Amino acid sequence: MSDPNAIVFEAIAFAARAHQGQLRKDEKTPYVSHVFRVCTVVRHVFGFDDPQMLAAALLHDTIEDTTTDCDDITEHFGPVVAKWVGALTKDARLPHDAREAEYARVLAVADWQVKVLKLADVYDNAGDCRSFAPNGRRKTLAKSRFYLDAVRSGVPADAHRVIAIVEARLAELEASLTS
């Protein structure tokens with residue numbers, strides 16, 4: 001019998017290689033720490049332990065931010081993970097406003113697992129931007145609320161608590177702007 005968590009360990013290594021040399025906006029933190037934190041949020045903050053969800057959390061930015069394509073994800077992690085990662089990927093060929101609108105449309109009709117993964121991404125980005133200047137925090141807050149609105153419908157009852165967790169995180173970020 002194979003280890004169901006093997007996909008998670010492979011995704012950790014794959015994400016680390018794919019994001020090698022990339023940094024977060026602070027220009028100090030390795031980018032891969034973000035995908036590790038998103039995976040940690042899915043598992044330990046939101047309470048989902050599905051290995052395919054955890055793998056997709058680790059890989060959620062690989063198509064958008066690296067030379068990885070959907071075929072690479074399918075080959076290494078299967079069609080389900082590739083579908084979820086694909087839904088979490090913005091179409092860079094579109095102009096910014098059209099890209100964001102299309103992304104919101106895709107998120108709105110995506111599988112509930114994709115919505116939970118996006119909420120984990122929002123949760124991490126909201127926490128990661130606390131060191132930003134107020135305008136940067138405002139921009140992150142606005143973008144986060146936009147994504148939250150996009151994924152709000154179609155989330156199963158047992159995942160509604162995830163929305164509440166993210167809303168609380170965004171309220172903390174908003175409060176940091178007024179203090």
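See the structure above.
A.B. asks: Break down the nonpolar core for me, citing the residues and quoting the values.
C.D. replies: Counting residues in each nonpolar core, the largest one holds 56 residues, and the members touching the most others are Phe-46, Leu-59, Ile-73 and Val-81. Those elements that provide at least two residues to this core are α1 (6–18), α2 (32–45), α3 (51–59), α5 (70–87), α6 (96–109), α7 (112–128), α8 (134–151) and α9 (160–178). For this core, the element with the highest residue contribution is α7, accounting for eight residues.

A.B. asks: An account of unusual backbone geometry is needed here, citing residue identities and associated values.
C.D. replies: With a phi angle near 60°, Glu-27 is a residue other than glycine that sits in the positive phi range. Note on placement: Glu-27 falls in the loop between α1 and α2.

A.B. asks: Break down the packing of α7 against α9 for me, citing the residues and quoting the values.
C.D. replies: The relative placement of two packed helices comes down to the angle between their axes together with the axis-to-axis distance. As a packed pair, α7 and α9 sit with axes 9 Å apart at the nearest point and diverge in direction by 20°. With respect to α9, the axis of α7 lies roughly parallel. In the crossing of α7 with α9, the sense of the turn from one axis to the other is left-handed. Judged by residue contacts, Leu-119, Val-122, Tyr-123, Ala-126 and Gly-127 of α7 engage Val-162, Ile-163, Ile-165, Val-166, Arg-169, Leu-170 and Leu-173 from α9. Of the residues contributing to the contact of α7 with α9, the split by class is 10 nonpolar, one polar and one charged.

A.B. asks: Break down the side chain of His-19 for me, with residues and values.
C.D. replies: Looking at where His-19 falls in the secondary structure, it is placed in the loop between α1 and α2. Leave out the neighbours within four places in its chain, and His-19 touches Tyr-31, Val-32, Val-35, Asp-61, Thr-62, Asp-65 and Thr-66.

A.B. asks: Could you give an account of the layout of surface pockets, with specific residues and numbers?
C.D. replies: Of the pockets and cavities examined, the largest pocket occupies roughly 710 Å³. Forming the boundary of the largest pocket are 27 residues, of which Arg-24, Lys-25, Tyr-31, Asn-125 and Lys-143 lie nearest the centre. Sorting the residues of the lining of the largest pocket by element identifies α4 (62–65), α7 and α8 as the ones contributing at least two each. Sorting elements by how many residues they give to the lining of the largest pocket places α8 first, with six residues. Tallied by class, the residues present in the lining of the largest pocket amount to eight nonpolar, seven polar and 12 charged.

Calculation rules
Residues numbered from 1 in each chain as written. Predicted model: local features only at pLDDT ≥ 70, side-chain atom pairs only at ≥ 80, totals over all residues. Heavy atoms only, no water. Core = buried A, V, L, I, M, F, W, Y, C linked by side-chain atoms within 4.5 Å. Buried < 20%, exposed > 50% of the residue type's maximum accessible area, 1.4 Å probe, protein only. Helix = DSSP H or I, 4+ residues; strand = E, 2+ residues; numbered from the N terminus. Axes fitted to C-alpha atoms, helices over the stretch in contact; angles between N-to-C directions. Parallel < 35°, antiparallel > 145°, perpendicular 65-115°, else oblique. Left-handed = near helix turned anticlockwise from the far one by under 90°. Contact = heavy atoms within 4.5 Å. Nonpolar A, V, L, I, M, F, W, Y, C, P; charged D, E, K, R; others polar. 1 Å grid on protein atoms, 1.4 Å probe; cavity = no way out; pocket = protein on both sides within 12 Å on 5 of 7 lines; lining within 4 Å. Points joined across faces, edges and corners; volume = space filled by probe spheres on them.

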